[in-house]
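# Understanding the architecture of this molecule
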Amino acid sequence: PSLIRLRDYRAPAWRVEAVELDFDLGIDASEVLARLHLRRNPAQDAPLRLDGENLQLLAIALDGRTLSADEYRYDDSVLVVDGTRDGSVLETRVRLRPAANTALEGLYLSGPRETGFLLTQCEAEGFRHITFFPDRPDVLSRYTVTLRADRARFPVLLAGGNPDGAGELEGGRHWARFVDPHPKPSYLFALVAGHLEVIERGYVTADGRAVQLKIWAEADAIERCHYAMDALERAMRWDEQTYGRNYDLDVFHVVATHDFNMGAMENKGLNIFNAKCLLAEPDSTTDEEYRHVEAVVAHEYFHNWSGNRVTCRDWFQLSLKEGLTVFREQSFSADMNSAPLKRIDDVALLRRAQFPEDAGPLAHPVRPAQYSEINNFYTATVYEKGAELVRMLAGTLGRDGFRRGMDRYFERNDGHAATLEDFLAALGEANGTDLTPYLAWYAQAGTPRLKAHGHYDAAAQTYTLTLAQQTPAGHGAEPRAPLPIPVKLALFSPHGDMLPLHMDGQTSKPAIELVVVLDRAERNFVFTDVAAAPVPSLLRGFSAPVILACDYTPDELALLLAHDVDGFNRWEASQQLAARAYEELRDGTASAALHAWCDALARLFDSAAVDDALLADLLTPPGEIELAERETAIDPQRILQSRQALQRQLAERLGAENLQRRYLALLAQTGIELDAASQARRRLQRRVLELLALLDPVGAGALAATQYRDAPGMTDRLAALSVLVRSGAAQAAAALRDYRERYAGNALALDKWFAVQAQLPGEPALDRVRQLERDDAFTLKNPNRVQSLLGAFVRSNPSGFHRADGAGYRLLAERLVALDALNPQVAARLATAFNGWQRLEPRRREAAQAAIVELARQPGLSRNLGEIIDSVLN
Ligand code: B3K
Ligand code: ZN
């Protein structure tokens, strides 16, 4: 397959100034008439080449004249037209087959033929499945879209932009027109047509525009859209207040669908959401999912500026909009909820999803240098690591400086397709500083290691901190320049107080926290007037996406765990200590870290010093995937066992009676309120029940069964179900039956029923997955369902998926073949579960390799899946 390379970028030879699209919509067949107003790029002399895939060309005319067969060529992916000139108008008419579109890219049907609705997904290259067009993000056009359809079958007709008339047609048909005044790239085009209900709210922007907010969903879901509406309003206000960004159309549509390849899509004026990222109600939505809905609604809304008004020049710049928008969402969520908890969740996600990606054969820079299939690059690296890079820049500039830089970026690039260089230039110039050294972060793959070593000189009362960096050689051969690594730090006295920081040679008033930037391979930082050997708190708030190695003693980590006021670093100390305790248990060596960890947590557990949610997270050791990252011959079964043993030790230290007392106290207060304190209580309640289940499975089983039965909302119900299933409790089967029946008609709730069971620890998981595949509700055609069963199994259940006999690998390979024929994007994403097979212990490694090699031999794999399999094998 051919590779697209960043260095081959050329500006488009032809632009489309304006486009008129006329849709004649039907479930089995739809027709699209497109009128393109062309502009030639005087600097280039190339014939007009338009992208177009799976299009049945019905008619083609240039400047009003039908073209004869020798005046154009179409090879099923590119249409070449002779004789076009600057100002020409090209007209094409094509036929599409929405109901037959199982890839969910382009125009497709959501739901059953008789009652479902039509919708589109274009990013990255879906527009070429709708009509002939230069389908690349640097071609910005003005869109006028007219939809025509049978009124009874398609009562609602929506497209991006402002409404511009609607009316009746003969034969029970009707039409509606939308004009988007903002030039946009084709990937932001969208339409929706069918039976949908709506909730509406009026909104007036800070700059005085009256906007109609409309959220659309099928009748059974519309009452679950109110939370999203509130979240949308909060996001709009926040962007006005934080970045001075106002919404820019008269109407903002949001639509929910159960058939979607990813989370949501920021189409201009017509956001489309996977139902799981939009619908929320207490009976079927967990606290975590509520926060996710708020985050995704905000993320898509924020794209209106970071992505839509300023878009990407080419897909290599994807992180320009995604990393930035994730960062904006993270800041918003931190403001709406608990900032340290948000940071903990995000860093945990980075370590679970991005670090492994960056350490294996799928590693790529935040700005990749090449790709075969762009949809394979919507990755944790581009999104999450990309957001960390923006966070470093924001941290370097400070709050006001970053705002100044963002103002400059939006102002200068509004209505343009920009690059990461444009972004760094705007931020830097607005602050009179050169940020180009940060470009190196965008160009190299791999997670840098940061080594820290402290030396205290009692006689001189100085403390010297030596920081050194190293990035492991990646799979690409990109050069490894030293990176600028901002390290936010503090020093703690042996009593747990923060010390004033006197930096060598600096005279300004000492701070108790500061940021030093390590911009070469190694550097010493000297602090003076330090009265006793301090304990450094490094990378506070996770100030750079690196792996820190510091030679702490267990007692030093315990001190940070007990005293650090940075909630994130307090959690981090607990994680480090737990990881060491885990190694002690696994290797049967010392137990200093184990005791330090358990003692520190026992003290916190009995005091009221930390909030319930943070306590829950402190009581949770790093997950199995994270622990595996520290090993070379990975045996996921063994990791599971050692991690369980570690948690059992903690539970024993806390004591069954103590745990039970705390559990009952929390239970007595539980409800469905969404305020931070209530969510925190539920988080801790779940954690305490899990720990209790390790000590006293029978007692905990009884408590969990009661909690399941009486739960006021989904958070408590699902927590109880999960404890029952994972601990193999006698009551599990009855609870699962009850849940299956109770939520038979609720797809999102059923997804959780599949996912809980797919995460059954160890060998039994595979049979359970096979059994669940036979459930009436299972289908490979729905991405959410695939994710809830197969995705949860291969991605979130290491000890179940990585069976020593290789049966997990073979199951995945078989399903990928079937899935690829239906939906290549979903298949390719699932296939990334093979990432990291090279580091498994020998028996599993061989079994995994055999399954992947066999899969690679299958004929007719999609470019999406083919690229992942190829990369994973190498
Ligand atoms: N921009 C979309 C993702 C499109 C994925 C295409 N395969 C959602 C988002 O990041 O907001
Ligand atoms: Zn995004």
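Computed from a predicted model, the values in this text were never measured in an experiment.

From N to C terminus, the protein includes 26 helices and 32 strands. Relative to the globule expectation of 29 Å for 874 residues, the C-alpha radius of gyration of the protein, 28 Å, shows essentially globular dimensions. Principal axes of the C-alpha set define a box for the protein whose edges measure 90 × 70 × 55 Å. The proportion of buried residues among the 874 residues of the protein is 51%. At a minimum sequence separation of 6, the contacts of the protein that also span at least 24 residues come to 70%.

To continue, consider the environment of Asn413. By secondary structure assignment, the location of Asn413 is in helix α5 (residues 380-413). Spatially, the C-alpha atom of Asn413 lies 22 Å from that of Glu388, the residues being 25 residues apart in sequence. Residue contacts for Asn413: discarding those within four places in its chain leaves Val310, Ala418 and Asp422.

The immediate surroundings of ligand 1 are formed by Glu123, Ala124, Met262, Ala264, Met265, Glu266, His299, Glu300, His303, Glu322, Asn375 and Tyr378. Put simply, the parts of the chain that give the shell around ligand 1 at least two residues each are β20 (264-265) and α2 (287-302).

Look at the UniProt record and you will see "coiled-coil region" (unreviewed entry) annotated at residues 667-694. Secondary structure content for residues 667-694 is 79% helix and 0% strand, and the end C-alpha separation is 19 Å.

A few words now on the domain arrangement of the protein. You can read the domains of the protein as domain 1 (1-195), domain 2 (310-443), domain 3 (452-544) and domain 4 (778-874). The distance between the C-alpha centroids of domain 1 and domain 2 comes to 31 Å. Of the residues lining the interface, 13 residues belong to domain 1; the matching set on domain 2 comes to 14 residues. Each residue belonging to the side of domain 1 that touches domain 2 can be placed in one class, and the counts come to ten nonpolar, no polar and three charged.

This brings us to the sheet that holds strand β19 (residues 251-257). Spatially, β17-β18-β19-β21-β20 is the arrangement adopted by the five strands of the open sheet, whose pairing is mixed. Of all strands in the sheet, those bounded by a partner on one side alone are β17 (197-204) and β20.

The periodicity of an α-helix, 3.6 residues per turn, causes residues three or four places apart in sequence to face the same way. Compared with the 21 Å implied by 1.5 Å per residue over 15 residues, the 21 Å span of helix α10 (residues 592-606) between its first and last C-alpha is a close match. Regarding α10, the residues found buried are Ala593, Leu594, Ala596, Trp597, Cys598, Ala600, Leu601 and Phe605. Summarising the contacts, the buried residues of α10 are in contact with α8 (554-563), α9 (567-587), α11 (612-618) and α13 (636-654).

Our next topic: the pairing of strand β8 (residues 78-81). Two faces belong to every sheet, and in a regular strand the side chains alternate between them. Burial of β8 is one-sided: the residues Leu79 and Val81 facing one way are buried, the residues Val78 and Val80 facing the other way are not. Here three bridges tie strand β7 (residues 72-74) to β8, and the two strands are oriented antiparallel to one another. Bridged to Tyr72 within β8 is Val81. Hairpin remark: β7 followed by β8, antiparallel, with three residues in the connecting loop; positive phi at Asp76, about 80 degrees.

Taking 1.5 Å per residue as the helical rise, helix α23 (residues 807-822) with its 16 residues ought to reach 22 Å, and the 23 Å between its terminal C-alpha atoms agrees with that figure. Along α23, the residues classified as buried are Gly808, Tyr809, Leu811, Leu812, Ala813, Arg815, Leu816, Leu819 and Asp820. Tucked inside the fold, the buried residues of α23 contact α20 (764-773), α21 (783-796), α22 (798-801), α24 (824-831), α25 (842-856) and α26 (863-873).

It is worth spelling out the pairing of strand β9 (residues 89-96) at this point. Covered by surrounding structure in β9 are Leu90, Thr92, Val94 and Leu96 only, the residues Val89, Glu91, Arg93 and Arg95 on the alternate face being uncovered. Pairing of strand β5 (residues 56-62) with β9 involves six bridges; the strand directions are antiparallel. Along β9, the bridge assignment pairs Gln56 with Arg95.

Here α8 crosses α9 at 150 degrees, and the two axes come no closer than 8 Å. Taken together, the axes of α8 and α9 lie roughly antiparallel to each other. Where α8 crosses over α9, the handedness of that crossing is left-handed. Two secondary-structure elements touch here, α8 through Pro554, Leu557, Ala558, Leu560 and Leu561 and α9 through Asn569, Arg570, Ala573, Ser574, Gln576, Leu577 and Arg580. The class makeup of the residues in the contact of α8 with α9 is seven nonpolar, three polar and two charged.

Sheet architecture is open: four strands sit in the order β10-β11-β16-β13, paired in antiparallel fashion. The two strands at the open ends of the sheet, each matched to only one other strand, are β10 (106-110) and β13 (156-159). Strand-to-strand twist of the sheet, defined as the mean angle between neighbouring strand axes without regard to direction, takes the value 15 degrees. With two bridges connecting them, strand β11 (residues 117-121) and strand β16 (residues 191-194) associate as antiparallel partners. Opposite Leu118, over in β16, you have Ala193 as the bridge partner.

Next up on the list: the environment of Gly428. Within the fold, Gly428 resides in helix α6 (residues 420-429). Residue Gly428 is classed as partly exposed on the basis of its 19 C-beta neighbours within 10 Å. Residues Gly428 and Arg313 lie 115 residues apart in sequence; the distance between their C-alpha atoms is 20 Å. Non-local contacts of Gly428, meaning those with residues more than four positions away in its chain, are made with Thr433, Asp434 and Leu435.

Let us look at unusual backbone geometry. Apart from glycine, the bulk of residues carry a negative phi angle, and the bulk of peptide bonds sit in the trans form. Cis geometry is found at the peptide bond from Glu123 to Ala124, where omega equals 0 degrees. Looking at where Ala124 falls in the secondary structure, it is placed in the loop between β11 and β12 (141-150). Non-glycine residue Leu539 carries a positive phi angle of around 55 degrees. Of the residues examined, Leu539 has 24 C-beta atoms within 10 Å and is grouped as buried.

Looking at the protein, pLDDT values average 97 and 99% of them are 70 or higher. In the predicted complex, the global pTM is 0.98; the interface-specific ipTM is 0.99.

Our focus in this paragraph is the environment of Ser722. With respect to the helices, strands and loops of the structure, Ser722 is situated in helix α17 (residues 714-726). Looking at Ser722, the number of C-beta atoms within 10 Å reads 22, which means it is buried. Spatially, the C-alpha atom of Ser722 lies 33 Å from that of Gly386, the residues being 336 residues apart in sequence.

What counts and what doesn't
Residues numbered from 1 in each chain as written. Chains lettered and ligands numbered in written order. Predicted model: local features only at pLDDT ≥ 70, side-chain atom pairs only at ≥ 80, totals over all residues. Helix = DSSP H or I, 4+ residues; strand = E, 2+ residues; numbered from the N terminus. Rg over C-alpha atoms; globule rule 2.2 N^0.38 Å. Buried ≥ 20, exposed ≤ 12 C-beta atoms within 10 Å, placed from the backbone. Contact = placed C-beta atoms within 7 Å. Near = placed C-beta within 6 Å. UniProt positions renumbered as here; feature names shortened; annotations may be inferred. Domains from an automatic or database assignment. Nonpolar A, V, L, I, M, F, W, Y, C, P; charged D, E, K, R; others polar. Pairing = 2+ DSSP bridges. Expected span 1.5 Å × (residues − 1). Axes fitted to C-alpha atoms, helices over the stretch in contact; angles between N-to-C directions. Parallel < 35°, antiparallel > 145°, perpendicular 65-115°, else oblique. Left-handed = near helix turned anticlockwise from the far one by under 90°. pLDDT = per-residue confidence, 0-100.

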